[in-house]
Amino acid sequence: MNSGGGLGGIHHVTAIAGDPQQNVDFYAGLLGLRLIKRTVNFDDPGTYHLYFGDEAGHPGTILTFFPWPGAPRGRHGAGQVTAVSFSVPPGSLAYWEERLRGRDVAFEAKESPFGESILELPDPDGLPLELVADPRAGLGRPWPGAAVPAAQAIRGFHSVSLLEHEHTGTERMLTEVMGLQCAQIVGHRRRYVFGNGGAAAYVDIVGAPDASPAVVAVGTVHHVAWRVASDDAQAAWRRRLLEARVNVTPVRDRQYFHSIYYHEPGGVLFEIATDPPGFAIDETPGTLGTTLRLPPWLEPRRAALEERLPVLRLPSGRG
């Protein structure tokens, strides 16, 4: 857990999906993440909010989705997170290639501008993903019950890529306001790092002056959240953002963490989320993600919501 008042890297990434069962089959079944919470979009309770992560849903491993069945596809473009990258053990890419071929998932094996071996692939809704061979030790705590063996399993986030018409304003936000350091520059890609690095600590800016503006809908990232250790640390960050003349929301209770939101100059929606209280406040660690959980203010509507939401099947076994 991030123990200080600084930002500790990526907390979670939230994207928009189409069919919720297809989403569960891909992320829990194919990629081997754990469905750690099935709840609803607190701002639109008639739709699911699904959370995937490691065994306990530690910050830095959490990918969440708002499934909008029947909604149109979005457009990847400037002012958007256009790639979500996961760390995997360096010897695991051959396993992943075989696994993806066996499920007829298109992928491309390549080398990143920073010399990393990666597999690029889309999810069923077209969200761009990367599996990055990451040699760093001590990353992640894979779930023993996953569909993927622990030796090859995803270790959490490696990085997110922000596509921007130009990097200057975003770089100023990352470095002067949020405290990241520029670590590498290769061509049109610039890599920034939280603290001394570690899990989920990289943010890339990809310069694309001629890119079309993004359209947020199915198959796109809605926002990326950065982690802080406590409510007090979050309050200090909110004051810092206001002092920097950033338009930031009041604190919002997301049940499993508390959140504030703001846009960076290029248009990407950022969030600062607290590590506590975590996902075991309304389920035991062994039963995470197995039943619909609602916050207290939505419990009176449970019957109506359960009638509206489709039943989800969890994948079982390995394959």
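Here, the structure is the one placed above.
Being a predicted model, the structure only gives us computed values, none of them experimental. (Residues numbered from 1 in each chain as written. Predicted model: local features only at pLDDT ≥ 70, side-chain atom pairs only at ≥ 80, totals over all residues. Heavy atoms only, no water.)

K.L.:
Help me understand the pattern of salt bridges, please; the structure alone is not making it clear to me.
P.N.:
Between side chains of opposite charge, pairing is possible as soon as their charged atoms come close. Counted by the stated rule, this structure contains 14 salt bridges. The residue aspartate 282 makes a salt bridge to arginine 293 at a minimum N-O spacing of 4.0 Å. Of this pair, aspartate 282 sits in the loop between strand S16 (269-274) and helix H5 (302-308) while arginine 293 is found in the loop between S16 and H5, placing the two residues 11 residues apart along the sequence. The class of aspartate 282 is buried, set by a relative accessible area of 18%. (Salt bridge = Lys/Arg side-chain N within 4 Å of Asp/Glu carboxyl O. Helix = DSSP H or I, 4+ residues; strand = E, 2+ residues; numbered from the N terminus. Buried < 20%, exposed > 50% of the residue type's maximum accessible area, 1.4 Å probe, protein only.)

K.L.:
What am I meant to see in the packing of aromatic side chains here?
P.N.:
The description of an aromatic ring pair rests on the distance of the ring centres and on the angle between the ring planes. In total, this model carries 14 aromatic pairs according to the counting rule given. With a centroid separation of 4.9 Å and an interplanar angle of 75 degrees, the aromatic rings of phenylalanine 26 and tyrosine 27 are classed as edge-to-face. The burial state of phenylalanine 26 is the same as that of tyrosine 27; both residues are buried. A centroid spacing of 5.6 Å and a plane angle of 40 degrees characterise the contact between tyrosine 27 and phenylalanine 52, whose relative ring orientation is tilted. Taken together, the residues span a long stretch of sequence, with tyrosine 27 in helix H1 (residues 20-30) and phenylalanine 52 in strand S3 (residues 44-53) at a distance of 25 residues. On the basis of relative accessible area, tyrosine 27 is assigned to the buried category, the value being 0%. Pairwise contacts between aromatic rings join Phe26, Tyr27, Phe52 and Phe65 into one cluster. (Phe/Tyr/Trp six-rings, centres within 6.5 Å; stacked < 30°, edge-to-face > 60°.)

K.L.:
Mind showing me how you'd approach the sheet that holds strand S4 (residues 62-67) here?
P.N.:
An order of S2-S3-S4-S1-S13-S16-S15-S14 is seen for the eight strands of this open sheet, with the pairing classed as mixed. This sheet does not close on itself; its edge strands, each paired only once, are strand S2 (34-41) and strand S14 (252-253). Note that strand S1 (residues 10-17) and S4 share six bridges and pair parallel. Of the residues in S4, the one forming a bridge with alanine 15 is phenylalanine 65. Of the strands in this sheet, S1, S3 and S4 are in contact with H1, which crosses S3 at around 10 degrees. (Pairing = 2+ DSSP bridges. Contact = heavy atoms within 4.5 Å. Axes fitted to C-alpha atoms, helices over the stretch in contact; angles between N-to-C directions.)

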